[in-house]
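# Survey of secondary and tertiary structure
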Amino acid sequence: MSELEVRELRYFIAVAEELNFSRAAQRLGMAQPPLSKAIAQMESRLGVRLLERTTRQVRLTNAGQVLLDQARIAVDAVHAAARRARRAGQPTPQLVVAVKPGGDAGLLRDILAAYRGTGSHLPPPEVVVGGSGEPIAMLRDGRADVALLRSPFDGQGLDSQTLVVEPRLAVLPAAHRLAGRRRLRLTDLKGEPIPRWKGAAPSTTAYYTGYDGAEAGDGDGDADTGLAPADTPEGPLVASVEQLLEVVALGQAVAFLALSTTERHQRPDIAYRPVTGLSPSAVMVAWPETSRSAAVAAFVQAAHDVAAHHPDHMTALAY
């Protein structure tokens, strides 16, 4: 059996995502007959049915769903390899570091200094600051070599190392009925609307809304099992911390943010309170698992060394 070509995988992804040969052909800029023929040839060579076709609909088989998942990874990897090769061949290559605002827990400057101190033979670092979801996208598609990310994220195809684990706090309007308390439980916030992050996967939404399975004792012998989806009305969609803080200050929602993020966003109209039973936030350094770059290895080592001397936020919280 001959190998599948990237072109064929692109054809299949378009059909599998559109579930309509006409729309897929239009998306690919080609006629429908050769597209249908290409898919049929793929099925023949693989010896499995990828799509169930009727006069009314097209749907994926189990084998088709597996191929779709793997094809996306394969095509992304090919594109990423091409981008990395082009960047590596530039007269002055750079180590591109991706991060989002507040996503480094205050570590980035020290990591960059430590990396620069490892020797002039390494390419200089270039930091690219992106919005929510952008750093990991840049890492996957080859625009970045390494990234600082907050959990949770999809780690498929990546290696990563945890640098700092810190608590998350509840973010409340200053006039909220619970703002006067020193500490909250997740159950205190049942029924409160919580912002949704644009484009977030279900597991990420569960984390940001507090019902990701966190479970912790509160000192009275009972366990706080967190919130459940039915307990958390959908708040406004947000795309940045600044937007999140505005909707909270306006009384439209409550939210959860990492300790280091709250320290950078002190406002008189916002109250931050510790929450028993809320899962923490981890800052991680991540890189492609196939990377053999000496510069990436040096950056990861610098990040590890800096984090080793960083105060543990889990013990630094005192209220």
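Residues numbered from 1 in each chain as written. Predicted model: local features only at pLDDT ≥ 70, side-chain atom pairs only at ≥ 80, totals over all residues. Heavy atoms only, no water.

## Things to note about the overall build of the protein
Regarding its fold elements, the protein presents eleven helices and 15 strands. Overall, the C-alpha framework of the protein stretches about 70 × 55 × 35 Å when taken along its three principal axes. The 319 residues of the protein split such that 43% are buried. Summarising the internal contacts of the protein: among those between residues at least 6 apart in sequence, 72% fall at separations of at least 24. When the accessible surface of the protein is split by element, carbon and sulfur atoms take 51% of a total near 16,100 Å². Once the 34 positive and 35 negative side-chain charges of the protein are each reduced to a mean point, those two points are 6 Å apart. (Helix = DSSP H or I, 4+ residues; strand = E, 2+ residues; numbered from the N terminus. Buried < 20%, exposed > 50% of the residue type's maximum accessible area, 1.4 Å probe, protein only. Contact = heavy atoms within 4.5 Å. Areas by Shrake-Rupley, 256 points an atom, 1.4 Å probe, with all protein chains shown as cover. Lys, Arg positive; Asp, Glu negative; His and termini not counted. Charge placed at Lys NZ, Arg CZ, Asp CG, Glu CD.)

## Quick look at the pairing of strand β13 (residues 255–258)
Going residue by residue along β13, you find Ala255 and Leu257 tucked away on one face and Phe256 and Ala258 tucked away on the opposite face as well. Two strands pair when backbone bridges link them, and strand β7 (residues 168–173) and β13 are joined in this way by four bridges, in the antiparallel orientation. Residue valine 171 lies in a different strand from β13, and its bridge partner there is alanine 255. (Pairing = 2+ DSSP bridges.)

## Details of helix α4 (residues 62–88)
Along its 27 residues, α4 runs 39 Å from first to last C-alpha, staying within 8% of the 39 Å computed at 1.5 Å per residue. For α4, the full list of buried residues reads Gly64, Leu67, Leu68, Ala71, Val75, Ala80 and Arg87. Looking at the buried positions of α4, the neighbouring elements they touch are α1 (6–18), α3 (32–46), β2 (58–60), β3 (95–99) and α6 (134–141). (Expected span 1.5 Å × (residues − 1).)

## Details of the confidence of the model for the protein
Across the protein, the average pLDDT comes to 86, with 90% of residues at or above 70. Predicted confidence is poor over residues 214–225, with pLDDT under 50, and the contacts of this stretch with residues over four places away or in other chains come to 27 contacts. Counted against residues more than four places away or in other chains, residues 313–319, with its pLDDT under 50, gives 18 contacts. (pLDDT = per-residue confidence, 0-100.)

## Some thoughts on the environment of valine 300
Turning to its location among the elements, valine 300 is positioned in helix α10 (residues 294–308). Since its relative accessible area comes to 10%, valine 300 is described here as buried. With 189 residues separating them along the chain, valine 300 and isoleucine 111 place their C-alpha atoms 8.8 Å apart. Leaving out residues up to four positions away in the same chain, valine 300 has contacts with Gln161, Val285 and Trp287.

## With respect to the environment of proline 233
Looking at the secondary structure, you find proline 233 in the loop between β11 (223–224) and β12 (234–238). Among the residues examined, proline 233 registers a relative accessible area of 35% and is labelled partly exposed. In this structure, the C-alpha to C-alpha distance between proline 233 and glycine 199, residues 34 residues apart in sequence, is 18 Å.

## A word on the sheet that holds β13
With mixed pairing, four strands are arranged side by side in an open sheet as β8-β14-β7-β13. Bordering the open sheet on either side are β8 (184–185) and β13, each of which pairs with just one other strand. Relative to strand β14 (residues 270–276), β8 is paired through two bridges, and the arrangement is parallel. In the strand pairing of β14, arginine 185 is matched with threonine 276. The strands that helix α8 (residues 241–249) touches are β7, β13 and β14; relative to β13, the one it contacts most, it runs at about 140°. (Axes fitted to C-alpha atoms, helices over the stretch in contact; angles between N-to-C directions.)

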